[in-house]
Amino acid sequence: MDKAYAKEADRVAAELESNAVIGLSEEEAAIRLVKNGPNSLGEEKKIPLWKRFLEQFKDAMVIILIAAAGLSAVMAVREGGGFTSWIDVFVILAIVILNAVLGVYQEGKADQALAALKKMSSPQTKVIRDGKIVMVDSENLVVGDLVAIDAGDAISADMRLVESSSLKAEEASLTGESVPVEKDASLVCDEDSGVGDRKNMLFMGTAVTYGRARGIVTATGRQTELGQIANKLTSIKNEQTPLQKNLNALGKILAIVCIAVCIIVLIVDIFVQKEEWTDALMTAVSLAVAAIPEGLAAVVTIVLSVGMTQMAENNAIVKRLLAVETLGCVDVICSDKTGTLTQNQMTVKVLFDGRQTIEVEGNGYSPEGRLLDTEGRQILTDSIVKSLVRSAVLCNDASIVLNEDKSYSCIGDPTEGALTTLGTKCKMPREETMHEYPRITELPFDSDRKMMTTYNAGVVEGRLVSYTKGAPDIIFSRCSRYLDESGEKPMTVDYLKTIEKANHEFACKAIRVLAFAYNVHPEGKKADFADENDMTFIGLVGMIDPARKEAKDAIAVCKQAGIRAVMITGDYKDSAVAISDNLEMRDEKHMNAYSGSELDKLSDEELRKVVETTSVYARVSPEHKVRIVTALRANGHIASMTGDGVNDAMALKSADIGVAMGITGTDVSKNSADMILMDDNFATIVKAVEQGRVIYANIRKFVSFLLSCNIGEILVIFLLSLIPNTVIPGIAAPLTAIQLLWLNLVTDSFPALALGRERGEPGIMLLPPRPKNEPIINKSMMSHISIQAVGIFIAVAVSFLASFMSIRNGSTFFFDAAAADAQPIDVARTVAFSTLICAELFRAYASRSELVSVFRLGLFSNPMMNKAVGLSLFMLLAVIYIPGVNSVFDNVALAPLAWVVIIPLALIPFAASECYKLIKNSLHK
């Protein structure tokens, strides 16, 4: 360590009460660990099971059901009846509890999947304590620890460098910068320097790709830069999803309607019909039960759970149940670039040998790919190209390894990894080439020279060749010759202009360019910086972090679906724009690109205008990302944020849907997200969006199915209860509370579940996203519900009145001989009950599409629907014909001929629905 380094190191160590040579003592480290706690970000505070369970009861519909159960319990106590008088109470409470248990269970499954996703590892760090290097668990690092750092090490705490040699760190997860950043212990940065500009620091969550260093820990756990981001996340609250808002609004509407109708019926029954208040109250309870679709909450939970399971099978883990549907209405996806839209693997794409541009095939670190000239012919034996590739392999310290899953990864600097891969493509694998041309000595890269030089033997017999790589402008200025097919030639102005033009063209395409040159020396030559002058130019190597193959297709599908993809990255503007154009993210309406510094000059109002025309944001901070997402949402967009790094976490939390990467994503980003992609594949988001749209369309189908039944029931009970006893003596409510509960809970739920499993209708991803504030029941659905509800009322009212009047007139047409002593009202109720259930089962087929006729879809093309209808019919017959069971449900055995009346009447709502679709389609055409 030279004097300058030693002085700065001692100053830093003194501030942290440490020692830059021997580090802390074990005793002092133990004291600090107890005082400050472990070097951990901690886990997100979990909601207790009991609280999760209670949260399921916040829904307005559930509260009304509980109130109805309470009223039924009061009535049961007053009547002093046996078990049968408590059946209503038990059934209502059973459905409420079942729905709560299902919700808690499915959210628990999501948490288990997330826990299983976390890597089970305990990283360790090389620490100098008492002057000795020891390995300690990273959780046990404390402020003041002196850490020894080598290439490949993961950084587990923030630290100030006190010594460094050719050090580079990969900070993509923190800053979004795809290229490793040079670090220098000798620098003294301004106090207000941003994270990306603190060249004398290493940060928790990053990794060293090149060089070696020593650093003193300055912050651990929640006090690190990474920890500060995690802290800010706690101030961002989860908002309700569009479906939650829709269902809550629906619940409130139903609650108001329910209370209003119940009050009217109660008043009419007591003061007009002169009924006992207990009978009037039971009619009101029946109406409350009729108004609330008891099965809706359970069916929504189950359908979302099934959607959650299907998404998990397609590599997308959804952490919150109701977030499944929200994906279906996303209209802007804000995505990080590095590792999300790109592979985060630098790849050589072009070479320039002074004569021609050569294309290099392949992506990432995979060794497959050819070298092609401008006419597409493969280059095999070109001497200059061979020299260029050889220099790239020899002047290089990175290795590429084959993983167990057959993928490739880089050990060392990603830029050098790209050069190593180039060598393998050209039949010059690193190990063999290094063995053939062994390295004798070297001049490591440093930020002042911006060059690296290696000295290799065996290239020229009896001589030593120094290969130098570096920034093109610097290499150009140090070359006096260039390599030609016939050998070395003096550098000319024209040749210099040619290579400068090639470098400029590459740079304009956001291609990172390295220049290569060489010198020949006598054997035994020692490394000397003077050897990096008067060199022979070989050529240029251009590389990029390539876009994911599937990302372009996924973005094209997003455009068709009316979804805008926006790139938000910490990388440079030119690189970001080039990648976005390669992916075809920008269009005529969204051509703008902004940098973080430009965003700082905009007010929030100005930013709201800018986000409507901008597709690329570069060199942004975490705060910028949150501002962008917030501006989009303020403009009415439903925004999704996709990312894998720590720098994405706050925006993930702020977005309507945060989507984190499961493989490369940090724990902070996963904890902040609503959904995690197990395969880190941008295309998986498109599948999830499609699944979300299908789920929402299916939810609309069964909401329409269930509500039309409930409104039909309200019309039946409300209107028929207004008929005075003086007009039709003995008339009473056409359905009892237990019959309505059975219908709403059991009979309707099975077909509703089958509707929830409908396959997506053709062209669902060609439709624009639905408006954010569009209610789940729009005008079209209202019309459909009204027509079906009227159809249900007509069918049930006719069957009830016809059977009641027929029996009062002495007919036995409707009931079985075994029920000869049954009261007319009981038989009529059973006929109405059967008509209503059959109408629901027939109508379930018509509800499979809002616009397409069931005959066009295929009447029996949904196997689950066929099973649901068959099961519901079987259960209907059971509660009518099994002795003892039918009395529990206030039913009597019907005569077989009764079905001759029931079935045609039950087809009325089905026919009404199909006619409505036919007329609507005709008008649309």
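Here the structure is a predicted model, which means the values were calculated and not measured.

A. Spatial organisation of the nonpolar core. Among the nonpolar cores identified, the biggest contains 120 residues, and F702, V703 and V827 are the most heavily contacted of them. At 19 residues, helix α25 (residues 682-721) tops the list of elements feeding residues into this core. Once residues within four sequence positions are removed from consideration, V827 is found in contact with I807, F814, F815, A822, V892 and L894. By size, the runner-up hydrophobic cluster in this structure holds 32 residues, among which are I358, V393, A418 and M452.

B. The environment of T421, seen in detail. Residue position: T421 is located in helix α14 (residues 414-425). In this structure the C-alpha to C-alpha distance between T421 and Y365, which are 56 residues apart in sequence, comes to 5.8 Å. Here T421 is in contact with G364, Y365, S366, P367 and I400, once residues within four sequence places are set aside.

C. Seen up close, the sheet that holds strand β27 (residues 675-677). As summarised here, the arrangement of the 8 strands in space is β8-β27-β26-β25-β9-β22-β24-β23, forming an open sheet in which the pairing is mixed. Lying at the two open borders of the sheet, with one neighbouring strand each, are β8 (316-318) and β23 (592-595). With strand direction ignored, the average angle separating the axes of adjacent strands in the sheet is 20 degrees. Sitting on the sheet, helix α19 (residues 573-582) touches β22 (564-568), β23 and β24 (614-618), and the angle it makes with β24 is about 145 degrees.

D. Main features of the pairing of strand β19 (residues 487-490). Direction of pairing for strand β18 (residues 479-484) relative to β19: antiparallel, over a ladder of 4 bridges. Considered in β19, the bridge of L483 is made with E488. The antiparallel hairpin formed by β18 and β19 contains 2 residues in its connecting segment.

E. Region of interest: a nonpolar patch on the surface. A surface patch of nonpolar side chains, amounting to about 290 Å² of accessible area, comprises I66, L93, I97 and V101. Top element by residues in the nonpolar patch is helix α5 (residues 87-117). It accounts for 3 residues. For I97, the position within the fold is in helix α5. The exposure class assigned to I97 is partly exposed, which follows from its relative accessible area of 43%.

F. The arrangement of the environment of L49 in detail. Here L49 is to be found in helix α3 (residues 49-55). For L49, a relative accessible area of 62% gives the class exposed. Sequence separation of L49 and Y105 is 56 residues, and the distance between their C-alpha atoms is 10.0 Å.

G. Layout of the pairing of strand β17 (residues 463-470). Most of β17 is tucked away: 7 of the 8 residues are buried. Pairing between strand β16 (residues 451-457) and β17: 7 bridges, direction antiparallel. For N456, the partnering residue across the bridge sits in β17 and is V465. Connecting the antiparallel pair β16 and β17 is a turn made up of 5 residues, with G458 showing a positive phi of about 90 degrees. The sheet contact formed by β17 and strand β20 (residues 512-522) spans 8 bridges and is antiparallel. Each residue of the ladder has a partner; that of R463, found in β20, is P522.

H. A look at the pattern of salt bridges. This model, assessed by the stated rule, comprises 34 salt bridges. The partner of E171 in a salt bridge is K183, with the nearest N and O atoms 2.7 Å apart. Residue E171 is located in the loop between β4 (158-170) and α6 (172-175), and its partner K183 is located in strand β5 (residues 181-183); the two are separated by 12 residues in the primary sequence. One network of salt bridges, with partners in common, ties together D353, R355, D382 and E485.

Procedures and definitions
- Residues numbered from 1 in each chain as written.
- Predicted model: local features only at pLDDT ≥ 70, side-chain atom pairs only at ≥ 80, totals over all residues.
- Heavy atoms only, no water.
- Core = buried A, V, L, I, M, F, W, Y, C linked by side-chain atoms within 4.5 Å.
- Buried < 20%, exposed > 50% of the residue type's maximum accessible area, 1.4 Å probe, protein only.
- Helix = DSSP H or I, 4+ residues; strand = E, 2+ residues; numbered from the N terminus.
- Contact = heavy atoms within 4.5 Å.
- Pairing = 2+ DSSP bridges.
- Axes fitted to C-alpha atoms, helices over the stretch in contact; angles between N-to-C directions.
- Patch = residues over 30% accessible without salt bridge, like charges linked within 9 Å, V, L, I, M, F, W, Y side chains within 5 Å.
- Areas by Shrake-Rupley, 256 points an atom, 1.4 Å probe, with all protein chains shown as cover.
- Salt bridge = Lys/Arg side-chain N within 4 Å of Asp/Glu carboxyl O.

Coordinates in, geometry out; function isn't part of it.
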